[in-house]
Amino acid sequence: MRWSYILPRFAFLILVWAFFFFAFDPLLKWSLRKGMEKAAGAKVEIAKVETSFLHPSFRMTGVAVGSAQEEFTNTLEFSALEFRINGAPLLEKKFIIDEAALAGLKFGTPRKTSAKLPFVKEEESSFVAGLKEESKNMALGRAADMKSGAAASVEVSADSLSSAKVYQDLQAKYEAQYAELSKKADSKEYQARLDAIKTSYAEANAKADFLKKAKEFSKMRKDVKQLTEDFKNDRKLIEETAASLNEGLKTAEEARRRDIDAVMGKMKMPSMDAQSLARLLAGPAVADKTQSALKWLALVRKYMPENSQKKMLKAEAKRGRVISFPKEQAYPSFLIKKLAVSGELGLDVPLDIAGTIEGITTQPQIYGKPLTAALKGSKAGRALDFRALADNTGSVIKGNAQLRYSGIAVKELALGNPASVGASITGGTGRFEGALSFEGEKINGAADYRIAGAKVVPQAEAIQPAPLKAAVMRSMSGLTGVIIGAKISGTLANPDIALTTDLAEKLGGAFKDVFGAEYAKVRAQAQEKVDAALKPFKSKLDSLTGSRQKELKEKLDASQKNINGSGDALLNDLKEQASPAEGGKMKLPKLKF
Amino acid sequence: MNPLSIIRQFIKGLTSDTDPEQIGWGIALGFLIGLLPKATLTAQLLLVLLMALRVNIPMALLTMLAMLFLNPLMDKLTDPVGYYLLTSSALYPLWARLYNIPVVPWTGFNNTVVAGGLVVGLVLLAPVYLLGKKFGVAYNASLRDKLTGSKFIKGLKASWLLDWYFKGN
C-alpha cells in the first residue's frame, strides 16, 4: 500500500468535515441571500441558516425580502422556515421533504434600510407602462378645444393604424386556415373508404358460404354507419372551426377602437368612453398590483419547466447511451410534500392566516400530483380565502387561483391622475374577489374590488373648463362606494387588461352633459377617418371570408350528398341481401356477431 | 488530484516503481480507466485504486492520455457490448436491482460505454498487462536513464516551486 497517498487523503477528509462543520452554513446563507436577491430584484436579509448532516435538516430564520418597487418596504418577511430532508433519497441527489413549516409570514412590512440593489433596474412590463402612460396623457383640459374645429385638419394613413396590421395578419391567418379546412372538407378520404367498402361488398357477394357472407355484410353495415357518423363529426368540427375564425374580428374591432382613440389624441381630444376613463382612473392602481401578480406567476412558471418529462427521459450521454430501469420509488429532484404556512396579513390590524402548500417540486411529472395551496384567515368581520392549483403533470402547465378577501379596511386609495382627474377614497371597507387561470402561456382572469361606506372626494383642480370641472365634481359628490373591475387575458408575456369602474361611467356622464354633442361629432370625424383608411383592408377580408365560407359550405354539402347517396345505396343493397324479396333464394338467419 | 501532484507523481514514477510488473500494471490500469467516462464513480474509484497501489503512475497517466485519442474508436466496440449487456433479458433483474440501490447509479453502470468499457477492459487487462510488462523491460533497459537525464525533467526537478512542494509534502 502507498501510505504516502492514503494518509493525506484522510487528512483531506478531516478538512472536509471541518469545512462543513464551521464554514458551510455561512456560505449557504450567503448563496441563498444572493439567489433570493436575484429572484426578488431587491435586497434580502437572512438572520441565520442552520443545517445538520447527521439527520439532514435545514432551518432559516429572520428572512426579509425587500421590494423592488418600494425602497423602504419588504415584499415579504418570515420568522422561520424549517424542514428535515429524507436521508435515503439524498444519496441519489434528491431533496425530498415530507413536511416543512414557514412561520411568521408577513407582507408589506416597513424596513429601516434601503432595499435597492446597486445596478439593478426593475423593468416594467410594456402593458403596465402603457396603462400608466395612458393615465398621464389624459388631459381633460384640452376638452375645450373641441369647439375649435381643429380636428378636421388631422390626416390618417393606414400605415399609422394598428388595426390595419391586425386586418393584414387576420387575412394571412384566414387564408392558411381556410386552405386547411378546405382540404379537410374534401370528400377524397371518405370516397376512398366508401370504395373500399364497395369492393368488400362485391367480394363478399360472390362468396357461397352464406354464414361468412352474413358476417361480412353485418360488418359492412357498421362500417357504412361509422363512415357517415365520422363525416358528421368532421363537418361539425369544420363548421365550428370556421365560426371560431370570426373571433379574430373582435381583435380587429378592439384595435380599431384604440386607433380611433389615438386619432382623437392626435386631434388633441381626450377619449371619453367608459373603457378609457376606467383605465385613466383605475389604471395606475391596478397596474402595480398586476405587475406584482404577473411577476410571481412568471416566477412559478420559471421554476416549473414546461415539460420536465423531456429532461427526465434524456437518453443520450456525452459518451454512450444511458439505459433507464424502473425505479421502485422514483423521486423528483426537489420535493416539499407539505409546507405549513402561518403568518399575518395587513400591518395596522393584522389578520392571522394559516394554510398549506402541497407538492412543491421541480419535476411534477415524476411526482404526479399538482401543486396546491390553501390559505385561510378570519378575524372580526374580516375573512380571507385563497386557493391555488398549478398542474404541470401533463404536457402543458395549467392552473388556477382564487382569492376572496372581505372586510378590508380602506385607509386611503387614490384613483386617477391629479394632473387631469381623479378621486380620493378614504375610510370604508372593501371586498375583493378575483380568479385567475392559466394554461401554458395563456392567462385569463377577472377581479372585482368593491368599496362601501367610504368618503369619495373628487380631484378636478386641473380641469380648466369650468363647466366640465363643475360637472365632474357634481358627478362624484355624495358617493360612498366604488366598484373596480378588471379582466385579464392574453399571454403572460403580452397580457391584455380591460378595466371597468362605476366612477368612469359617472365621469363619462358628466362629460357628455357638458360636451356631449361636440364630442360625438369629433369622435364621428375620427371614426370616419379611421374607417376610410381601413376600408381596403376590411373589404378584402370580408370578401375573403365570404367567398371562402361559401366555398367551404359547397364542398361540405357536395361531400355529404355523395356520402349519403353512396352510403344509403350500399345500406339498401346490404338490407336487401339480408332480407330478399318474397320468394327470394336466401334468408339469412338473425345472428349477432 | 491537483496538477502539481500529478507532475510530482509523474517525475517520481520515472525513477521509482519501475519494475516491469509495476509498469505493466500501471499501463493495464491506465488502459482500463482510460476506456471509461471519467465523470462516474467507477472511474473515480479506479483512479483512487491506481494511486493507492504501488504501480507505475507515469505509465498509467500516459496510457490514459493515449486512450483519450483512441476512445472514439474504442467506443464503437464498448458501446454495443454495453448495450447488449444492459438490454439482455437474462441480466435485467440484476440491473434493475442495482439501479434501485442507493449510490450505485452514480457508478454510471447503466451507461453503455461504462458497462461495455469495464467488460472489454477487464477482458483485455491481462494481455495489456503482459504487453506492458514487456515494455517495462525495454523501458528499464534503454529509456529510463535517457528520460531522467533529459533537460526537461532536470529542469522540472530544479524548479523552485516543485522543490518547495516536494519538501513540503
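> Would you explain the environment of Lys 538 of chain A in this entry?
By the element assignment, Lys 538 of chain A lies in helix α12 (residues 502-578). Between the alpha carbons of Lys 538 of chain A and Ala 164 of chain A there is a distance of 8.5 Å; along the sequence they are 374 residues apart.

> I keep staring at the sheet that holds strand β10 (residues 412-416) of chain A and nothing clicks. Help me out?
Picture the strands of a sheet paired through backbone hydrogen bonds; they go either parallel or antiparallel. Residue and element names in this part refer to chain A. On the basis of which strands lie adjacent, the open sheet formed by 3 strands has the order β10-β11-β14 and antiparallel pairing. Edge positions in the open sheet fall to β10 and β14 (455-459), since each of these has one partner strand only. Sheet twist, expressed as the mean angle between neighbouring strand axes with direction ignored, is 20 degrees. For β10 and strand β11 (residues 422-426), the ladder comprises 5 bridges, and the chain directions are antiparallel. The residue bridging Leu 413 from the neighbouring strand is Ile 425, located in β11.

> Looking at this structure, how should I read the packing of helix α4 (residues 57-86) of chain B against helix α6 (residues 112-148) of chain B?
The description of two helices packed together rests on the angle between their axes and the distance between the axes. All names here are of chain B. Direction vectors running N to C along α4 and α6 enclose 145 degrees, while the axes themselves pass 7 Å from each other. For the crossing formed where α4 meets α6, the hand is right-handed. Contact residues: Met 59, Met 74, Asp 75, Leu 77, Thr 78, Asp 79, Val 81, Gly 82, Tyr 83, Leu 85 and Leu 86 in α4; Thr 112, Val 113, Ala 115, Gly 116, Gly 117, Val 119, Val 120, Phe 135 and Tyr 139 in α6. Here the residues of the contact of α4 with α6 are counted per class, giving 13 nonpolar, 5 polar and 2 charged.

> Sorry, what's going on with helix α2 (residues 20-35) of chain B here?
Helical geometry note: an α-helix holds 3.6 residues per turn, so side chains three or four residues apart project in the same direction. The end-to-end C-alpha separation of α2 of chain B is 22 Å, in line with the 22 Å expected for 16 residues at 1.5 Å each. Burial within α2 of chain B is extensive, with 13 of its 16 residues counted as buried.

> Where do I start with the packing of aromatic side chains in this structure?
In total, this model carries 13 aromatic pairs over all chains according to the counting rule given. Pairing Phe 325 of chain A with Phe 109 of chain B gives two aromatic rings, centres 6.5 Å apart and planes at 10 degrees, and the pair type is stacked. Pair noted here: Phe 325 of chain A is in the loop between α9 (308-312) and β5 (334-345) and Phe 109 of chain B is in the loop between α5 (92-99) and α6, and the two residues belong to different chains. One residue, Arg 321 of chain A, lies across the ring of Tyr 83 of chain B, its end atom 4.3 Å from the ring centre.

> Even after reading the chapter, I still don't get the pattern of salt bridges, so can you show me in this structure?
Oppositely charged side chains may form a pair once their charged atoms are brought near each other. All names here are of chain A. This model, assessed by the stated rule, comprises 24 salt bridges over all chains. The closest approach of N and O atoms between Glu 253 and Arg 256, which form a salt bridge, is 2.7 Å. Linking Glu 253 with Arg 256, this pair stays in helix α7 (residues 248-266), spanning 3 residues, or about one helical turn. By relative accessible area, which is 13% here, Arg 256 ends up buried. The partner of Arg 258 in a salt bridge is Glu 254, and the shortest N-O contact between them spans 3.7 Å. Taken together, the residues span about one helical turn, with Arg 258 and Glu 254 both in helix α7 at a distance of 4 residues.

> Help me out: how do you make sense of the nonpolar core in this one?
In globular proteins that are soluble, nonpolar side chains generally tend to be buried together. Formed by 79 residues in total, the largest nonpolar core has its most connected members in Ile 425, Val 472, Leu 503 and Leu 507 of chain A. In terms of residues, this core owes the most to one element, α12 of chain A, which gives 19 residues. With 30 residues, the next largest nonpolar core counts Leu 29, Val 55, Ala 60 and Val 120 of chain B among its residues.

> When you look at the pairing of strand β16 (residues 495-501) of chain A in this model, what are you seeing that I'm missing?
Residues and elements named next belong to chain A. Burial of the side chains of β16 is restricted to one face: Pro 495, Ile 497, Leu 499 and Thr 501 are buried, whereas none of Asp 496, Ala 498 and Thr 500 on the reverse face is. The pairing of strand β15 (residues 482-490) with β16 spans 7 bridges and is antiparallel. Residue pairing for β16: Ile 488 is matched across the bridge by Ile 497. As consecutive antiparallel partners, β15 and β16 are separated by 4 residues.

> Looking at this structure, how should I read a nonpolar patch on the surface?
On the surface, Trp 3, Leu 7, Phe 10, Phe 12 and Leu 13 of chain A cluster together into a nonpolar patch covering about 600 Å² of accessible area. Secondary-structure assignment places Leu 13 of chain A in helix α1 (residues 3-40).

> Just checking my understanding: could you explain the interface of chain B and chain A for this structure?
Size of an interface: often given as the accessible area lost when the parts come together. Contacts between chain B and chain A engage 32 residues on the former and 19 residues on the latter. Both sides together, the interface formed by chain B and chain A hides about 2400 Å², and carbon and sulfur atoms give 52% of it. When the buried surface of chain B facing chain A is broken down by residue, Tyr 99, Asn 100 and Trp 106 of chain B rank first, second and third, together holding 24% of it. Here chain B is connected to chain A by 2 salt bridges. Close ionic contact of Arg 319 of chain A with Asp 75 of chain B constitutes a salt bridge, the shortest N to O distance being 2.8 Å. Counting every contact that joins chain B to chain A gives 8 residue pairs in polar contact (both at pLDDT 80 or more). The dominant element in the side of chain B that touches chain A, judged by the number of residues it contributes, is α4 of chain B, at 6 residues. When its residues are assigned to classes, the side of chain B that touches chain A shows 22 nonpolar, 6 polar and 4 charged.

Criteria and cut-off values
- Residues numbered from 1 in each chain as written.
- Chains lettered and ligands numbered in written order.
- Predicted model: local features only at pLDDT ≥ 70, side-chain atom pairs only at ≥ 80, totals over all residues.
- Heavy atoms only, no water.
- Helix = DSSP H or I, 4+ residues; strand = E, 2+ residues; numbered from the N terminus.
- Pairing = 2+ DSSP bridges.
- Axes fitted to C-alpha atoms, helices over the stretch in contact; angles between N-to-C directions.
- Left-handed = near helix turned anticlockwise from the far one by under 90°.
- Contact = heavy atoms within 4.5 Å.
- Nonpolar A, V, L, I, M, F, W, Y, C, P; charged D, E, K, R; others polar.
- Expected span 1.5 Å × (residues − 1).
- Buried < 20%, exposed > 50% of the residue type's maximum accessible area, 1.4 Å probe, protein only.
- Phe/Tyr/Trp six-rings, centres within 6.5 Å; stacked < 30°, edge-to-face > 60°.
- Lys NZ or Arg CZ within 6 Å of the ring centre and 35° of its normal.
- Salt bridge = Lys/Arg side-chain N within 4 Å of Asp/Glu carboxyl O.
- Core = buried A, V, L, I, M, F, W, Y, C linked by side-chain atoms within 4.5 Å.
- Patch = residues over 30% accessible without salt bridge, like charges linked within 9 Å, V, L, I, M, F, W, Y side chains within 5 Å.
- Areas by Shrake-Rupley, 256 points an atom, 1.4 Å probe, with all protein chains shown as cover.
- Buried area = accessible area lost by both parts, 1.4 Å probe.
- Polar contact = N/O pair within 3.5 Å; in protein donor to acceptor, adjacent residues only side chain to side chain.

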